[in-house]
Amino acid sequence: MATPILLTDLVSAGVERVPASYVRPLSDRPNLVEVETSPEGSIALIDLAGLHGPDHSHVISQLAIACQTDGFFQIKNHGIPESLIKKVMTVAREFFRLPESERLKNYSDDPTKTTRLSTSFNVKTEKVANWRDFLRLHCYPLEDYIHDWPSNPLSFKQDVADYCTCVRGLVMRLLEAISESLDLEKDYISKQMGKHAQHMAMNYYPPCPQPDLTFGLPGHTDPNLITVLLQDDVRGLQVLRNGKWVAVDPIPNTFIINIGDQMQVISNDQYKSVLHRVVVNCERDRISIPTFYCPSEEAMIGPAEELVKREGVAKYRDFTYNEYYTKFWDRDLAKESTLDLFRTP
Ligand code: OGA
Ligand code: NI
């Protein structure tokens, strides 16, 4: 029988060992015993309820500190209804449980396609495969893309569209707060995004017989502006802090927010797009649903003029998001960030 295209089907056929194509070289393995796992040592949990009241400036300064240090934080009281979170998780799980032939209708290894199911990260460029399948969807403006989305499960389009719209509202509030935390006009960051774009992924990480040999996703930074991550109740995400990997354990009804490369550029390096990775485990499959909020392709990105004036130096040259994004996908998910290609000398 031919090797299945998707990892899901390889795993459900029963694998007792990680196939050689997924095995990382010795110097590049998860080293799971060295991970910081204490919940107290994890990333900040910020209560957004305080954003619109007397605690406003306190919340803004919590955001500033999180963006300057970890580049990651968790949020509660974010305004996304629990029912919507449940629905999008359920429909994602149902999707990955569909028969192989049904899932494969959406398959493509071309990163420029706006709706596609694929596996690993970029099968065309990478040397070692990753323990992941993923469905990627462009989702703003909805009407441009929704017709291409899967129509199985039946409620997929509706449930995912409702979720996307709601998450976009949250992102708009976060962008205002983050602009304010940088002492910029509230609408500054949003105005730099051109027509705006929003992508999402549904990541499916099957159980793995030898989780110390491979990654769900190796260390990378996100190329977009800001990421809003929903994860199920299985741990797997780790964030790099002072040279050490820190586990981010799931907390129900919270989201994980991380600063992407574009935010690091706009902030002129004040805010950090931080390396993170996903490890897998031998017991349970894991689903995560990141929303990647982005500039539109033609948007010109560069350090905020106001911040350059304050600091006296622009750390990056200006570029279009299209130029950046193309370079990101052309590289393997390398340890060095794409950002370095745009730094000023
Ligand atoms: C990503 C990512 C984290 C996760 O898709 O870029 O970092 O927990 N995902 O799946
Ligand atoms: Ni990521």
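Summarised in this report is the structure supplied together with it.

Calculation rules
- Residues numbered from 1 in each chain as written.
- Chains lettered and ligands numbered in written order.
- Predicted model: local features only at pLDDT ≥ 70, side-chain atom pairs only at ≥ 80, totals over all residues.
- Heavy atoms only, no water.
- Near = heavy atom within 4 Å.
- Polar contact = N/O pair within 3.5 Å; in protein donor to acceptor, adjacent residues only side chain to side chain.
- Areas by Shrake-Rupley, 256 points an atom, 1.4 Å probe, with all protein chains shown as cover.
- Helix = DSSP H or I, 4+ residues; strand = E, 2+ residues; numbered from the N terminus.
- Nonpolar A, V, L, I, M, F, W, Y, C, P; charged D, E, K, R; others polar.
- Contact = heavy atoms within 4.5 Å.
- Axes fitted to C-alpha atoms, helices over the stretch in contact; angles between N-to-C directions.
- Parallel < 35°, antiparallel > 145°, perpendicular 65-115°, else oblique.
- Core = buried A, V, L, I, M, F, W, Y, C linked by side-chain atoms within 4.5 Å.
- Buried < 20%, exposed > 50% of the residue type's maximum accessible area, 1.4 Å probe, protein only.
- Phe/Tyr/Trp six-rings, centres within 6.5 Å; stacked < 30°, edge-to-face > 60°.
- Lys NZ or Arg CZ within 6 Å of the ring centre and 35° of its normal.
- Arc of directions from axis to C-beta.
- Donors = N, O, S within 2.8 Å, 3.2 Å for Na, K, Ca; no water.
- Pairing = 2+ DSSP bridges.

1. A short note on the site of ligand 1
Link 1 in the chain: Not every one of the 13 residues close to ligand 1 is listed here, only the nearest: Tyr205, His220, His276, Arg286 and Ser288.
Link 2 in the chain: Residue arginine 286 places a side-chain N or O atom 2.8 Å away from an oxygen atom belonging to ligand 1.
Link 3 in the chain: Compared with its free state, where it exposes 290 Å², ligand 1 has 94% of that area covered by protein.
Link 4 in the chain: Top element by residues in the shell around ligand 1 is strand 12 (residues 286-294). It accounts for 4 residues.
Link 5 in the chain: For the shell around ligand 1, a count of residues per class yields 7 nonpolar, 4 polar and 2 charged.

2. Describing the side chain of arginine 132
Link 1 in the chain: Assignment of secondary structure puts arginine 132 in the loop between strand 3 (115-119) and strand 4 (133-140).
Link 2 in the chain: Apart from residues lying up to four places away in sequence, arginine 132 is in contact with Leu7, Thr119, Ser120, Phe121, Asn203, Tyr204, Tyr205, Gly216 and Leu217.

3. As for the packing of helix 2 (residues 56-68) against helix 6 (residues 156-181)
How two helices sit against one another is set out by the angle between their axes and by the gap between those axes.
Link 1 in the chain: Interhelical geometry of helix 2 versus helix 6 gives an angle of 85° and a closest axis separation of 9 Å. As the angle between them shows, helix 2 and helix 6 are arranged roughly perpendicular. Residues His56, Ile60, Leu63 and Ala64 of helix 2 lie in contact with helix 6, whose contacting residues are Ala177, Glu180 and Ser181.
Link 2 in the chain: A class-by-class count of the residues in the contact of helix 2 with helix 6 yields 4 nonpolar, 2 polar and 1 charged.

4. Details of the nonpolar core
Link 1 in the chain: If you look at the biggest cluster of nonpolar residues, it comprises 78 residues, and the most contacted ones within it are Val160, Ile189, Met202 and Ile289.
Link 2 in the chain: Beyond its immediate stretch of four places on either side in the chain, isoleucine 189 contacts Leu175, Ile178, Ser179, Leu182, Leu225, Met263 and Ile266.
Link 3 in the chain: Ranked by size, the runner-up nonpolar core spans 12 residues in total, among them Val11, Val18, Tyr22 and Leu217.

5. A closer look at the packing of aromatic side chains
Link 1 in the chain: A full pass over the atoms with the stated rule returns 14 aromatic pairs.
Link 2 in the chain: Relative to phenylalanine 96, the ring of phenylalanine 95 has its centre 5.2 Å away and its plane inclined at 90°; by these criteria the two rings are edge-to-face. Pair check on accessibility: phenylalanine 95 and phenylalanine 96 agree, each one buried.
Link 3 in the chain: Ring pairing ties together the aromatic residues Phe95, Phe96, Trp149, Phe156 and Tyr204, which thus form one cluster.
Link 4 in the chain: Above the ring of tryptophan 329, the side-chain terminus of arginine 116 is found at 5.6 Å from the ring centroid.
Link 5 in the chain: Taking the ring centre of phenylalanine 134 as reference, the NZ or CZ of arginine 132 above it sits at 4.0 Å.

6. Some thoughts on helix 10 (residues 321-330)
Link 1 in the chain: Tyr321, Tyr324, Tyr325, Phe328 and Trp329 are the residues of helix 10 that are buried. The arc enclosing the buried residues of helix 10, seen along the axis, measures out at 125°, which places them on a common side.
Link 2 in the chain: On its buried face, helix 10 is in contact with strand 3, strand 4, strand 5 (197-205), helix 8 (261-266), strand 12 and strand 14 (319-320).

7. What about the coordination of the nickel ion (ligand 2)?
Link 1 in the chain: Every protein donor of the nickel ion (ligand 2) is listed here as His220 (NE2), Asp222 (OD) and His276 (NE2), and their distances to the metal cover 2.1 Å.
Link 2 in the chain: Written as a sequence motif, the donor arrangement for the nickel ion (ligand 2) is H-x1-D-x53-H. Residue aspartate 222 is found in the loop between strand 6 (217-220) and strand 7 (226-231), and its partner histidine 276 is found in strand 11 (residues 276-278); the two are separated by 54 residues along the sequence. Each of the two residues, aspartate 222 as well as histidine 276, counts as buried.

8. Details of the sheet that holds strand 6
Link 1 in the chain: Read across the open sheet, the 4 strands follow the order 6-11-8-9; overall the sheet is antiparallel. Strands at the two margins of the open sheet, each flanked by one partner only, are strand 6 and strand 9 (244-247). Each adjacent strand pair in this sheet contributes to an overall mean axis angle of 25°, direction not counted.
Link 2 in the chain: Inspection of the sheet shows strand 8 (residues 237-241) paired to strand 11 by 3 bridges, in the antiparallel sense. From the neighbouring strand, glutamine 238 faces strand 11, where its bridge partner is arginine 277.

Keep in mind that these numbers describe shape and distance, not what the molecule does.
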